[in-house]
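Structural overview
So the chains spell out like this:
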Amino acid sequence: MKAIEIRKKYLEFFQKHGHVVIPSAPLIPENDPSVLFTTAGMQPLVPYLLGEKHPEGKRLTDYQKCVRTNDIEEVGDNRHLTYFEMLGNWSLGDYFKEESIAMSFEFLTKELGIPVEKLSVTVFAGDEDCPRDEVAAEAWKKAGILDGHIYYYGKDDNWWIAGEEGPCGPDTEMFYDTGKPACSADCQPSCDCGKYVEIWNNVFMEYFKDKDGYRKLKQQNVDTGLGLERMAMLLQGKETPFDTELFSPIIKKLEELQKVDNIESRRIIAEHLRSSMMLIADGGRPSNIDRGYILRRLIRRMIRHLNKLQIDLNELSTLIEINVENLKEMYPELEKNKEIIIATMLEEKDKFVKTLANGEKEFQKAINKLQETKTIPGDVVFKLYDTYGFPPEVTKELAEENGYEINLKEFDELFKKHQEKSRAGSEQKFKGGLAEQTEETIAYHTATHLLNAALKQVIGKDAHQRGSNITVDRMRFDFNCDHKLTDEEKKQVEDLVNQWIAEELPVTKQEMSKEDAIKSGAECMFIEKYPDIVTVYSIGTVSKELCGGPHVNNTKELGRFKIKKEESSSSGVRRIKAVLIKD
Ligand code: SER
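Residues numbered from 1 in each chain as written. Predicted model: local features only at pLDDT ≥ 70, side-chain atom pairs only at ≥ 80, totals over all residues. Heavy atoms only, no water.

Another aspect to go through is the overall build of the chain. The helix and strand inventory of the chain stands at 19 helices and 18 strands. In terms of C-alpha radius of gyration, the chain reaches 26 Å, essentially the compact-globule figure of 25 Å for 583 residues. Reported as C-alpha extents along the three principal axes, the dimensions of the chain are approximately 75 × 65 × 45 Å. Counting only residues that meet the buried cut, the chain has 52% of its 583 residues in that class. Across the chain, contacts joining residues at least 24 apart in sequence account for 71% of those joining residues at least 6 apart. In the form shown here, the chain has an accessible surface area of approximately 26,100 Å², with 47% of it arising from carbon and sulfur atoms. Charged side chains of the chain number 82 positive and 101 negative; the gap between the two group centres comes to 3 Å. (Helix = DSSP H or I, 4+ residues; strand = E, 2+ residues; numbered from the N terminus. Rg over C-alpha atoms; globule rule 2.2 N^0.38 Å. Buried < 20%, exposed > 50% of the residue type's maximum accessible area, 1.4 Å probe, protein only. Contact = heavy atoms within 4.5 Å. Areas by Shrake-Rupley, 256 points an atom, 1.4 Å probe, with all protein chains shown as cover. Lys, Arg positive; Asp, Glu negative; His and termini not counted. Charge placed at Lys NZ, Arg CZ, Asp CG, Glu CD.)

For the rest of this paragraph, the subject is the site of the ligand. Within the structure, the ligand sits among A40, M42, R68, M86, W160, N201, V203, D223, T224 and G225. Between an oxygen atom of the ligand and a side-chain N or O atom of W160, the distance comes to 3.5 Å. Between the ligand and G225, the relevant distance is 3.2 Å, taken from an oxygen atom to a main-chain nitrogen or oxygen of the residue. In isolation the ligand offers 230 Å² of accessible surface; the protein chains occlude 94% of this area. When contributions to the shell around the ligand are tallied by element, the ones reaching two or more residues are strand 8 (196-210) and strand 9 (213-227). (Near = heavy atom within 4 Å. Polar contact = N/O pair within 3.5 Å; in protein donor to acceptor, adjacent residues only side chain to side chain.)

Moving on: helix 9 (residues 290-308). Between the first and last C-alpha of helix 9 there are 27 Å, a value that for 19 residues agrees with the 27 Å anticipated at 1.5 Å per step. Extensive coverage of helix 9 is indicated by the burial of 17 of its 19 residues. Note on helix 9: the residue one or two positions beyond its end, Q310, has a positive phi of about 55°. (Expected span 1.5 Å × (residues − 1).)

This paragraph deals with a negative patch on the surface. A cluster of acidic side chains, namely E439, E440, D473 and E557, defines a negative patch on the protein surface. Mapped onto the elements of the fold, E557 is located in the loop between strand 16 (543-546) and strand 17 (560-570). (Patch = residues over 30% accessible without salt bridge, like charges linked within 9 Å, V, L, I, M, F, W, Y side chains within 5 Å. Salt bridge = Lys/Arg side-chain N within 4 Å of Asp/Glu carboxyl O.)

Okay, the confidence of the model for the chain next. Predicted coordinates in regions of low pLDDT should not be interpreted in detail. Mean pLDDT over the chain works out to 90, with 95% of the residues at or above the 70 mark. This model gives residues 423-436 a pLDDT under 50, and the stretch forms 28 contacts once residues within four places in sequence are excluded. (pLDDT = per-residue confidence, 0-100.)

Here we take up the sheet that holds strand 16. Taken in spatial order, the three strands of this open sheet run 14-15-16, and their pairing is antiparallel. Each end of this open sheet is capped by a strand with a single partner; those strands are strand 14 (507-513) and strand 16. Strand-to-strand twist of the sheet, defined as the mean angle between neighbouring strand axes without regard to direction, takes the value 25°. One ladder, built from seven bridges, connects strand 14 with strand 15 (residues 533-539); its direction is antiparallel. If you follow M512 over to strand 15, its bridge partner there is V534. (Pairing = 2+ DSSP bridges. Axes fitted to C-alpha atoms, helices over the stretch in contact; angles between N-to-C directions.)

All right, on to helix 13 (residues 378-386) then. Along helix 13, the residues that are buried comprise G378, V381, F382, L384 and Y385. The buried residues of helix 13 all sit within an arc of 160° when viewed along its axis, so they share a single face. (Arc of directions from axis to C-beta.)

Following the criterion strictly, the structure yields 44 salt bridges and no others. A salt bridge links E206 to K216, with the nearest nitrogen and oxygen atoms 3.1 Å apart. With E206 in strand 8 and K216 in strand 9, this pair connects stretches of sequence that are 10 residues apart. A residue is classified by how much of its surface remains accessible, and E206, at 7% relative accessible area, is buried. A salt bridge links E229 to R274, with the shortest nitrogen-to-oxygen separation between them at 3.0 Å. Residue E229 is located in helix 6 (residues 228-235), and its partner R274 is located in helix 8 (residues 263-281); the two are separated by 45 residues in the primary sequence. You can call E229 buried: its relative accessible area is 3%. Each of R59, D94 and E99 takes part in a single network of salt bridges with overlapping partners.

Inspection of the secondary structure assignment puts R297 in helix 9. R297 gets classed as buried once you look at its relative accessible area, which sits at 16%. For R297, the contacting residues outside a window of four places in its chain are I72, E73, P391 and E393.

Our focus in this paragraph is the packing of helix 9 against helix 12 (residues 338-368). Taken N-terminus to C-terminus, the directions of helix 9 and helix 12 make an angle of 65°; their axes are 10 Å apart at the nearest point. Regarding the angle of helix 9 to helix 12, the classification is roughly perpendicular. Of the two possible hands of crossing, helix 9 and helix 12 adopt the one that is right-handed. The segment helix 9 lies against helix 12, with R296, I299, R300, M302, I303, R304 and N307 engaging M345, E348, K349, K351, F352, T355, L356 and E360. Its residues assigned to classes, the contact of helix 9 with helix 12 comprises six nonpolar, two polar and seven charged. (Parallel < 35°, antiparallel > 145°, perpendicular 65-115°, else oblique. Left-handed = near helix turned anticlockwise from the far one by under 90°. Nonpolar A, V, L, I, M, F, W, Y, C, P; charged D, E, K, R; others polar.)

Before going further, it helps to spend a moment on the packing of aromatic side chains. Scanning the entire structure with this criterion turns up 26 aromatic pairs. Aromatic side chains Y293 and Y385 sit 5.4 Å apart centroid to centroid with 70° between the ring planes, which places their arrangement in the edge-to-face category. Of this pair, Y293 sits in helix 9 while Y385 sits in helix 13, and the two are 92 residues apart along the sequence. Judged by relative accessible area, Y385 falls into the buried class, the value being 5%. A connected cluster of aromatic rings, assembled from ring pairs, spans Y10, F13, F14, F107 and W200. Positioned over the ring face of Y63 is R7, at 3.5 Å from the centre of the ring. One residue, R7, lies across the ring of Y331, its end atom 5.4 Å from the ring centre. (Phe/Tyr/Trp six-rings, centres within 6.5 Å; stacked < 30°, edge-to-face > 60°. Lys NZ or Arg CZ within 6 Å of the ring centre and 35° of its normal.)

Now for the sheet that holds strand 17. Pairing is antiparallel in the open sheet, where four strands are placed in the order 12-13-18-17. In this open sheet, the two strands that pair with only one neighbour each are strand 12 (465-471) and strand 17. Strand-to-strand twist in this sheet, taken as the mean axis angle between neighbours without regard to direction, amounts to 20°. Sheet topology note: the strand 12/strand 13 (residues 474-480) ladder contains six bridges and is antiparallel. Among the inter-strand pairings, N469 is bridged to a residue of strand 13, identified as R476.

Printed below as a string of structure tokens:
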């Protein structure tokens, strides 16, 4: 079964079971500055898992585009991907363990036709925080899982949380037996010999963890995630995702073009090409910081491997075209953004080619001096990065080819210091969700706070920000609202903002505990995600918001506020595009 058919079956199945299909959120989260990329289907749903009402109801399903880069070094083996698609279904305080398990079992065995003998499941073994999950185990037995196919594991295996803090809970995982011989007498799903492959994870999310420990959430949720590429691979009886239709046209073309054979390089190219194309389609651009830096690393690592296979780099646009053709049905955004994808990739390639020549010379010089230790110290790796644009993994790969090692730990420390130095310029900016920090973007940022406050007065106090995006020449602001704004409402909003600008209100900043901030009525999108001490920006007495800044000092710096467009963003969410005009 092809990946696209699996996706279709999944969404239809859950729709049949009362779920509303919601669109995939972009890979670059609009509302959540606490993470680089969308890494799981639940991520855009956090506010709803915490109890906020979702406009589409309590049963949701989607396919979610995800990028995880902690495994970037592993890509090239036979299973790691930086980009992948996660199919998911959610109960937001609706059904719980039993129904979730019954649906998963039915989907796997009936819709995908997986023989029950091939399925094993794991459930939470219990500890001082949460009891042994007999409810899940019973539900599996009732659904039809075979005797001896249920395993109990502790928090390491059967507990899900994204990072250190947040919504979490015990999970139950489903495993597919590939039919490979067991590696030992006690080979189990937890074993990574390759016999068992995890295919689906249902999290019973009823806790919230913070530094004080676990507390119960308002509601019992279910959050599930099924990796599409892996499922396609298994159902097609393939050894790796690279052997499925998702990658095979690119792999085949690489085989045609290459002058040197290297399967690992082909996989790295195929994988990084897809993930960088997906990132660019969702607005990603290469740079030296944050998200842009990850994208730069992906593209540069791919180019290194094209060089390794001695493929003419002018073939890059052909490879992009092949991927667009192959994937456009699944991801129409690739075709829509084809021009910008090609332009961005080629520009980055040209930049890298230039630095590569210089960097390789520098690299050779450096290693000639290090013949004794055969280890390249962190400062050399950093210089290659900082001056010659060599991502550390490129240096590492080059080093390994020459029989050297690199001191990555030292590099990481230097890199961190470097990032801290440019903190005001990068991290801070990133925290505030601003792509670029200029006089214009700062003014727009303050204007979003005024708009947020004005909407509350005109639409109602329940109108909250759902996202925003700022460039040097406009702002975009999403908020919940169940109707199209009338001309009268738009005018009122515009007039209010302009009135506040005319009043020359001071913008002030205060640090306080999160608790005090909430008590004081400060506006905030994701209260759970903020640290204990937060910054609150006030504009006169009209607006008060938790925010990383920066802002103008006085509203008189803003100019005239004008709404250019008001449109639907998604169900129950409206979008305003506005500009500031300096007369
Ligand atoms: N959040 C869980 C995961 O990422 C299930 O969706 O695996």
